[in-house]
Number of protein chains: 2
Amino acid sequence: MNEKVISIGTVRELTGLTERQIRYYEEKQLIFPYRSRGGARKFSFEDVERLKVIHTKMKDGFRTYDLRRSAASLLKFDSGRS
Amino acid sequence: MNEKVISIGTVRELTGLTERQIRYYEEKQLIFPYRSRGGARKFSFEDVERLKVIHTKMKDGFRTYDLRRSAASLLKFDSGRS
DNA sequence: CGTGTAAGGAATTCTGACACG
DNA sequence: CGTGTAAGGAATTCTGACACG
């Protein structure tokens, strides 16, 4: 499920995060949505899962900087789950 | 892939159909998108595949009425492919 | 640092209708 | 019948900024 076709509002519903959080995680390079012509972010189901993991880590006290450094393992952890 | 999360503009890109065609096929009960709060249609990847099949059939001379009658087999054909 | 919010604009989607054939 | 299009409105998303801590 790598197709980036889900808009931010739907990702919000799917993850429970706010749009602000989602955009911030992108700004910190933890997630890389596709951009449609009009500039709208488009996410994949994999991105959705990844966002959930990111938020869990954040609640555990990790900072975006830490997560960026371990981005690879984050991805691994992600696909290793669901 | 049954989650209805793709908006019509993306479905347009994925299928090559126009929004008018997609809405018409819904009107004719060939496809059943979910509706978001604001009223926007949301489709699944399965719907996308189904729309492709529908359009192929239409080009082969079938009418929406015929396709509605064989909706079950249409779905079967659909999942039987990709 | 991570997130909330109000601000203004641009892009998206919706419906009902008229058109053609 | 199936599809194009212009029309007006409503919902969605975007960016940059100010706020708090």
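What you see is a predicted model; the values in this text were computed from it and never measured.

Undergrad: Can you walk me through the packing of helix α1 (residues 8–15) of chain B against helix α3 (residues 45–59) of chain B in this structure?
TA: If you want to describe how two helices pack, look at the angle between their axes and the distance between the axes. All names here are of chain B. Interaxial distance between α1 and α3 falls to 10 Å at its minimum, and their mutual angle equals 50 degrees. In terms of orientation, α1 and α3 fall into the oblique class. You can see that α1 and α3 cross each other, and the crossing is right-handed. Facing Val11, Leu14 and Thr15 of α1, the residues of α3 in contact are Phe45, Val48, Leu51 and Lys52. Each residue belonging to the contact of α1 with α3 can be placed in one class, and the counts come to 5 nonpolar, 1 polar and 1 charged.

Undergrad: What is the right way to read the relation of the copies chain A and chain B from this model?
TA: One chain copy maps onto the other through a rotation about an axis and a shift parallel to that axis. Of the transformation placing chain A onto chain B, the axial shift is 0.0 Å and the rotation is 180 degrees, giving an RMSD of 0.0 Å. Between the two chains, the operation in question is that of a two-fold axis. When each C-alpha of chain A is compared by its distance to the rotation axis, isoleucine 6 of chain A comes out closest, at 2.9 Å. Of all interface residues in chain A, 100% are interface residues in chain B too; the two copies therefore contact each other through one and the same surface.

Cut-offs applied
Residues numbered from 1 in each chain as written. Chains lettered and ligands numbered in written order. Predicted model: local features only at pLDDT ≥ 70, side-chain atom pairs only at ≥ 80, totals over all residues. Heavy atoms only, no water. Axes fitted to C-alpha atoms, helices over the stretch in contact; angles between N-to-C directions. Helix = DSSP H or I, 4+ residues; strand = E, 2+ residues; numbered from the N terminus. Parallel < 35°, antiparallel > 145°, perpendicular 65-115°, else oblique. Left-handed = near helix turned anticlockwise from the far one by under 90°. Contact = heavy atoms within 4.5 Å. Nonpolar A, V, L, I, M, F, W, Y, C, P; charged D, E, K, R; others polar. Least-squares fit on C-alpha atoms with pLDDT ≥ 70 in both.

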